[in-house]
Amino acid sequence: MSKRLVIGNWKMNPKSLKEAEALFKGIVTASKDSKNVDIVVCPPYPFLTTAKKVPNKKIKLGAQDTSEMLEGSYTSQVSSSMISSLGATYVIIGHSERRSIGDTDEIVNKKILQALKSKLIPVVCIGENVRDTHGDYLALVKYQLIDCLKNVSKLQMKNIVIAYEPVWAIGSHATRVATPEEFTEMKIFIRKVLSDIFDSKVAHATRVLYGGSVNPQNAQAFVDATADGFLVGRDSLNPKKFGAIIAVCK
Ligand code: PGA
């Protein structure tokens, strides 16, 4: 089994470079004793270089998004090769906060293919907005996987991480946290879909993370429910709490 993976998504935080440096140093200290866990921190683009300068061998860096374009006249866009040249190795793609402002599965797919070309590991976010009683949310997740992973090869799947993030469980507007049972059910379903698209070997080798109001109190139950790690928002801004979530994944 591969190591568990804990990813911190800082979103549009903190307010300044100085605070970003202090936060990253705090996370380095809080995660010192974390053998057997892969740790990734995804700061906003301007803070990637700062984090890179803080001495640390353990924590890898990631971006929170990438452009679907290679280069050129695309004001405000940041390409995968730029991200990679800053020393980042991961990139979150298809986060619900990006999907809510226009990222479709087709765009997510293009971004994944660009990221792979630049040797970045895409962390592909999938998840339904609402849970209905007819199970339509399962079909939605299925088609997110099929459409987002179009033209991705079996070999490339070795460098892809799936993050199941039910939108209703994310952020301060969360209606509730998913239950560990709901995660287990979804992980089995995701594996089945991956097995249909690729094969069972790929399905079993792909890490499936849980994201949505993860905290030091609920993390253990998700690990017990076979989560391969976490995508953490709010609690990744608090080194103590982030360190505690990492400790659960050891
Ligand atoms: P949260 O965010 O942990 O604050 O719910 C998770 C995410 O958006 O990835």
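Located above this text is the structure these notes cover.
Now for a description of the structure that goes with this document.

Our focus in this paragraph is the environment of alanine 221. For alanine 221, the position within the fold is in helix α9 (residues 219–224). Judged by its relative accessible area of 32%, alanine 221 is partly exposed. For the pair alanine 221 and glutamate 181, spaced 40 residues apart in sequence, the C-alpha separation works out to 9.3 Å.

Following the criterion strictly, the structure yields 17 salt bridges and no others. Note that lysine 3 and aspartate 38 form a salt bridge whose closest N and O atoms lie 3.8 Å from each other. Residue lysine 3 is located in the segment before β1 (4–9), and its partner aspartate 38 is located in strand β2 (residues 37–42); the two are separated by 35 residues in the primary sequence. Here aspartate 38 falls in the buried class, since its relative accessible area comes to 18%.

A word on the site of the ligand. Every residue near the ligand is listed here: Lys11, His95, Glu165, Ile170, Gly171, Gly212, Ser213, Leu231, Val232, Gly233 and Arg234. The contact in question runs from an oxygen atom of the ligand to an N or O atom on the side chain of arginine 234, over 2.7 Å. Protein contact buries 99% of the 280 Å² of open area that the ligand shows by itself. For the shell around the ligand, the residue count by class is three nonpolar, five polar and three charged.

What counts, and at which threshold
Residues numbered from 1 in each chain as written. Predicted model: local features only at pLDDT ≥ 70, side-chain atom pairs only at ≥ 80, totals over all residues. Heavy atoms only, no water. Helix = DSSP H or I, 4+ residues; strand = E, 2+ residues; numbered from the N terminus. Buried < 20%, exposed > 50% of the residue type's maximum accessible area, 1.4 Å probe, protein only. Salt bridge = Lys/Arg side-chain N within 4 Å of Asp/Glu carboxyl O. Near = heavy atom within 4 Å. Polar contact = N/O pair within 3.5 Å; in protein donor to acceptor, adjacent residues only side chain to side chain. Areas by Shrake-Rupley, 256 points an atom, 1.4 Å probe, with all protein chains shown as cover. Nonpolar A, V, L, I, M, F, W, Y, C, P; charged D, E, K, R; others polar.

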